[in-house]
Amino acid sequence: MRLTIRRRAGRRAALLAVGAMTAGLLLTAPQQATAGPPNLLSNPGFETAGPAGADMPSCWSKSGWGDNDFSFTTVAEAHTGTKAMKVSLTRRVDGDRKALVTENSTCAPTVTPGKQYDLSAWYKSDTPDVSVTVFRRDTTAGWQYWTDLQNPPVSAAWARTEVRTPAVPPNTDKIAWGLSVYGVGTLTTDDYVLEEVDAVPPQSACSGTAEECAKGKWEVIPAKNPVRSMHAVVLKNGKVLLIAGSGNDIAQFNAGTFTSAVYNPANGTFKTVPTPVDMFCAGHVQLADGRVLVMSGNKGYPSADGKIGYQGLKDSYVFDPATEAYTKTNDMNGGHWYPSATILGNGDVISFGGLKEDSTGNVTAEKFSAAQNKWLPMNEVNQTWSYWGLYPSMILMQDGRLFYSGSHTFGNGTPGTGASIYDYGANTITDVPGLRNKDQRDESASVLLPPAQDQRVLTIGGGNNETNPAANRITDIIDLKKPSPGYTAGPDLPQGLVDTGTGKRPQTGAEGKMYVSAVLLPDGKVLETGGGLHDRADPVFEASFFDPTTNTYQAGLATDPIPRTYHSASFLMPDGRVMSVGDNPGNGTYNHNVSIYTPPYLFKGARPQITSVIDTQWVYGDTQRITVNRPIAKAELIRPAAVTHSSDPNQRFVDLPMTVNGNNIDLNVTSNPNLAPPGWYMLFAVDANGVPSIATWVHLGGPSALAATQEQPSAHEHSFADKLGPAKQNPAKRDSVPVAPSVAGCDRHYGTANVCVPTRFPAEVKETSRARCDWLASHQYPKRLKVNGSDPLRLDPDRDGYAC
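Residues numbered from 1 in each chain as written. Predicted model: local features only at pLDDT ≥ 70, side-chain atom pairs only at ≥ 80, totals over all residues. Heavy atoms only, no water.

Caption draft 1: Representation of the overall build of the protein. Helix and strand counts for the protein come out as four helices and 58 strands. For 804 residues, the compact-globule estimate of 2.2 N^0.38 gives 28 Å, and the protein sits close to it at 27 Å. Along the longest, intermediate and shortest principal axes, the C-alpha atoms of the protein span 100 × 60 × 50 Å. Taking all 804 residues of the protein together, the buried fraction comes to 62%. For the protein, long-range pairs separated by at least 24 residues make up 65% of all intrachain contacts whose partners lie at least 6 apart in sequence. In the form shown here, the protein has an accessible surface area of approximately 27700 Å², with 52% of it arising from carbon and sulfur atoms. Taken as two groups, the 71 positive and 77 negative side-chain charges of the protein have centres that lie 2 Å from each other. (Helix = DSSP H or I, 4+ residues; strand = E, 2+ residues; numbered from the N terminus. Rg over C-alpha atoms; globule rule 2.2 N^0.38 Å. Buried < 20%, exposed > 50% of the residue type's maximum accessible area, 1.4 Å probe, protein only. Contact = heavy atoms within 4.5 Å. Areas by Shrake-Rupley, 256 points an atom, 1.4 Å probe, with all protein chains shown as cover. Lys, Arg positive; Asp, Glu negative; His and termini not counted. Charge placed at Lys NZ, Arg CZ, Asp CG, Glu CD.)

The structure is reproduced here in structure tokens:
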């Protein structure tokens, strides 16, 4: 959904007032130089004219995009010297304009990968719609957009803006930058500076064993998870909501026993919470105010004869972390067992897919209005009548569209390339190419890689619950900043040990894993852990870090001693550790052990501390000051987890470019709510060795002065993914699509509904009664499985009504 957000005159006045106050704060605390000379820019004050016939000063170029009216003027009203640059927008539909350091070998300064640089300029502006925008030259791919760093406040008098870049990415030899104007108004700039930061990393001292410092450490806590949790949500107070519903246990469902628990990491205790309906396999997302919206769930288990599958509820609730209680909302328009749930930049929630009350596939898009605190009627929501499968991974893009990554749980065989871009406003779906083995991405994981500003998505592993091959090692990466984005092959997933029922052995060949968990860490890496080789069976003991800066895996990390396959979850805690819960293999059992992973960065010596935060209520485009006890290299916001079935499409890591004045750090907050949807975030400060602070909770939203309008500030959007292929034709209006009752990969002719005898056994299992029964025995299935009707897998050769 493209969000075109504009200000009205009254809102502009309010923002000007906010900007003036912010400018005053910065001017009363002038920044000390923390980077050293020389200034690496040529002609930083526009004093040298360009070559004959040029209409811009030497080493400066006109830049920008979009539908707008603009002018570039060299003026005499300078901060120093005799010249300055004025850029004006008199009409804007979209896009921006900026004076940019010329992108050539002569004018663009040379930089060193891994180093950081301080950028500064003097400016005057009458619009808050200004951003410091940086481009980089990749030694292979050439010039490309890098990132936006800051939104300087309105200033009628000359003011100085300064901001530090992130570490320069690998394969980058030059950068260019300028101040972008993306709203109607005028910006005048002068005296640009770019200086290299001479940062000395703190000495790294290993505080654990050599193995812990290299691989991290897992421990299983004494307390057991009291519920069969299928869902995990990290709350704004640092506690964890664990939702079971019936816990995939038909006896609990028949008894009306539905459970949730709240885990308190401060004292290691669990508190059970009354749960009104069966939230087993619901969807969930954190609203802007920190409450948790829980949608749908399980209306009914499959019938014993296999003629009807799982059925979805219409019900919807919010969980309040303050009261630790559920409150009902209005119903959705239909049932959605396994729905997606994505929060949008305006705080609304959009949901797709899942199974209806009659077990058919739901083709209805649902939208929860944050302003009205309710699900909207179907006629108020754009509909494509498309079936997205179950738990389709729908990731919000920087311009408000949604990227369907191709990761899902049960949804193989859906038409198209397996990945697509959905534009809510235009109501169009456009496929993107490159996703390999699209019908073997069941129970894969997808994450928006750190930082969110880079707009790159990684998919990891997966399989096919219906054909049940060995899970794959495939990882694919897509850069959504490209005009025609497509997946490219990433490095193969590292391999570990797999237990196929007869003890652990090394993985071989193309063996990978499904049910994988992918967790964004505060040092900017992705922890992948857990998983299984086959549908609901054969746990894999392997963990690795994926590094987005190098697109490589660090293999051989410590592994969770507890198997983590179906219905498991791993997630980041505010202290920088990772918690893992759950394991529900096909034999119907559930593992109540809880594991905690301490990453290597917590064995690298003392942690930096955020000693003060001036304000925990943050505004888009704002500058927020924190104090730290020693130098840091970066800071970021990480959205707390709301994860189930390897899926958390709202997980994101948002970079906070810094302006450094000793231990006082001004953090520059994105102006784009699509990059960081409103809500509560964990704020981490990270030193040059990747050691993070303990998180401080902050809330990100619109200006309080404008709260009554329910509008967000303007977003500096970029023209990405704007040369896609033709949109697919939407189906005609329909009620649903047929879905086989065996969608969950289970043959319901055996045992109870919570026991999953595979529709197809792994390829290495011979198609004989003896081989199949031996496989079931080695995986601890109940010894006497009742045969419900016919015996399609030939598991009851003596015809006594029980398998094996």
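Once you've had a look at it, read on.
Caption draft 2: Molecular detail of the nonpolar core. Leu527, Phe571 and Met579 are the most contacted members of the largest nonpolar core, which totals 53 residues. Per-element accounting of this core gives the leading share, four residues, to strand β54 (residues 679-686). Each residue touching Met579, except ones within four places of it in the same chain, is listed here: Val240, Tyr263, Ala569, Ser570, Phe571, Met573, Val594, Ser595 and Ile596. (Core = buried A, V, L, I, M, F, W, Y, C linked by side-chain atoms within 4.5 Å.)

Caption draft 3: How the structure looks around the pairing of strand β55 (residues 696-701). Counted residue by residue, β55 has five buried out of six residues, so it is predominantly covered. Summarising the sheet, strand β47 (residues 617-619) and β55 pair through three bridges and their orientation is parallel. Looking across to β55, one finds that Trp618 is bridged to Leu700. (Pairing = 2+ DSSP bridges.)

Caption draft 4: Examining the environment of Gly690 more closely. With respect to the element layout, Gly690 can be found in the loop between β54 and β55. You can call Gly690 buried: its relative accessible area is 15%. Residues Gly690 and Gly702 lie twelve residues apart in sequence; the distance between their C-alpha atoms is 31 Å. Beyond its immediate chain neighbours, meaning those up to four positions away, Gly690 contacts Asp523 and Tyr601.

Caption draft 5: Quick look at the side chain of Asp278. Counting through the fold element by element, Asp278 comes out in the loop between β15 (269-274) and β16 (283-286). Within the local environment of Asp278, its side chain forms a polar contact with the backbone nitrogen of Phe280, the two atoms lying 3.1 Å apart. Setting aside residues up to four positions removed in sequence, Asp278 forms contacts with Ala244, Gly245, Ser246, Phe253, Phe258, Gly297, Asn298, Tyr301 and Leu313. (Polar contact = N/O pair within 3.5 Å; in protein donor to acceptor, adjacent residues only side chain to side chain.)

Caption draft 6: Here's a closer look at the sheet that holds strand β11 (residues 217-220). The strand order across the open sheet built from four strands is β11-β45-β44-β43, with neighbouring strands paired in antiparallel fashion. The two strands at the open ends of the sheet, each matched to only one other strand, are β11 and β43 (569-572). Going across the sheet, the axis of each strand differs from the next one's by a mean of 20 degrees, ignoring polarity. (Axes fitted to C-alpha atoms, helices over the stretch in contact; angles between N-to-C directions.)

Caption draft 7: Layout of the sheet that holds strand β36 (residues 504-506). Read from one edge to the other, the open sheet built from four strands follows the order β36-β35-β40-β39, with strand pairing classed as antiparallel. Bordering the open sheet on either side are β36 and β39 (532-534), each of which pairs with just one other strand. Across this sheet, the average inter-strand angle for adjacent strands is 30 degrees, counted without regard to direction. One ladder, built from three bridges, connects strand β35 (residues 497-499) with β36; its direction is antiparallel. Its bridge partner lying in β36, Leu497 is registered against Pro506.

Caption draft 8: Summary view of the side chain of His716. On the secondary structure map, His716 appears in the loop between β55 and β56 (736-737). For His716, a relative accessible area of 3% translates into the label buried. Polar contacts involving the side chain of His716 include one to the side chain of Asp148, which spans 2.7 Å. The residues contacting His716, other than those within four sequence positions of it, are Asp96, Ser131, Thr133, Asp148, Ser180, Tyr182, Gln398, Ser671 and Asn672.

Caption draft 9: Molecular detail of the packing of aromatic side chains. On inspection of all chains with the given rule, the structure shows 31 aromatic pairs. Here a set of aromatic residues connected by ring pairs shows up, and it is made of Phe253, Phe258, Phe280, Tyr301, Tyr310, Trp337, Tyr338, Tyr391 and Phe410. In this structure, Lys328 packs its charged tip against the face of Tyr317, placed 5.6 Å from the ring centre. Above the ring of Tyr566, the side-chain terminus of Arg536 is found at 4.0 Å from the ring centroid. (Phe/Tyr/Trp six-rings, centres within 6.5 Å; stacked < 30°, edge-to-face > 60°. Lys NZ or Arg CZ within 6 Å of the ring centre and 35° of its normal.)

Caption draft 10: Representation of unusual backbone geometry in the model. Going from Pro450 to Pro451, the amide bond is cis rather than trans, its omega being -15 degrees. Here the phi dihedral of Trp385 falls at roughly 55 degrees; this positive angle occurs in a residue that is not glycine. Mapped onto the elements of the fold, Trp385 is located in the loop between β26 (374-375) and β27 (394-396).

Caption draft 11: Region of interest: helix α4 (residues 769-778). For α4, a buried count of seven out of ten residues is recorded, marking the element as mostly surrounded by other parts of the structure. All of the buried residues in α4 are Ser769, Ala771, Arg772, Cys773, Trp775, Leu776 and Ser778. Buried residues in α4 make contact with β40 (537-541). With its phi angle positive at about 60 degrees, Gln780 sits one or two positions after the end of α4.

Caption draft 12: Fine view of the pattern of salt bridges. Enumeration according to the criterion identifies 33 salt bridges in this entry. We note a salt bridge from Arg505 to Glu511, for which the minimum N-O separation is 3.0 Å. Note on Arg505: relative accessible area 28%, which makes it partly exposed. For Arg784, the salt bridge is made with Asp800, and the minimal N-O distance between the two is 3.0 Å. Of this pair, Arg784 sits in the loop between α4 and β57 (785-786) while Asp800 sits in the loop between β57 and β58 (802-803), and the two are 16 residues apart along the sequence. Given a relative accessible area of 35%, Asp800 falls into the partly exposed group. Connected via shared salt-bridge partners are Asp67, Asp69 and Arg91. (Salt bridge = Lys/Arg side-chain N within 4 Å of Asp/Glu carboxyl O.)

Caption draft 13: Spatial organisation of the state of the cysteines. Summed over the entire model, instances satisfying the criterion amount to four disulfides. A sulfur-sulfur separation of 1.8 Å characterises the disulfide bridge that pairs Cys206 with Cys213. Classification of the bridge connecting Cys206 and Cys213 rests on its S-S torsion, roughly 85 degrees, and on that basis the disulfide is right-handed. Classification of Cys206 as partly exposed rests on a relative accessible area of 44%. You can call Cys213 buried: its relative accessible area is 18%. Shown here is the disulfide that connects Cys773 with Cys804, its sulfur atoms set 2.1 Å apart. What sets the handedness of the Cys773 and Cys804 disulfide is the S-S torsion sign, and at about -90 degrees it is left-handed. Taken together, the residues Cys773 in helix α4 and Cys804 in the segment after β58 connect sequence positions 31 residues apart. Judged by relative accessible area, Cys804 falls into the partly exposed class, the value being 46%. In the protein, the cysteines engaged in disulfides, taken in order along the sequence, are linked 1-2, 3-4, 5-6, 7-8. (Disulfide = S-S within 2.5 Å.)

Caption draft 14: Highlighting the environment of Pro169. One can find Pro169 in the loop between β8 (155-164) and β9 (172-181). Judged by its relative accessible area of 18%, Pro169 is buried. Note: C-alpha distance between Pro169 and Ala304 (135 residues apart in sequence) is 56 Å. If we skip the residues at most four places from it in the chain, Pro169 touches Pro113, Arg136 and Trp146.

Caption draft 15: Representation of the confidence of the model for the protein. Scored by pLDDT, the protein comes out at a mean of 93, with 94% of its residues at no less than 70. Counting contacts from residues 1-34, a segment whose pLDDT is below 50, to residues more than four positions away or on other chains yields 82 contacts. Here residues 704-713 scores under 50 on pLDDT; set against residues more than four positions off or in separate chains, the count is 26 contacts. (pLDDT = per-residue confidence, 0-100.)

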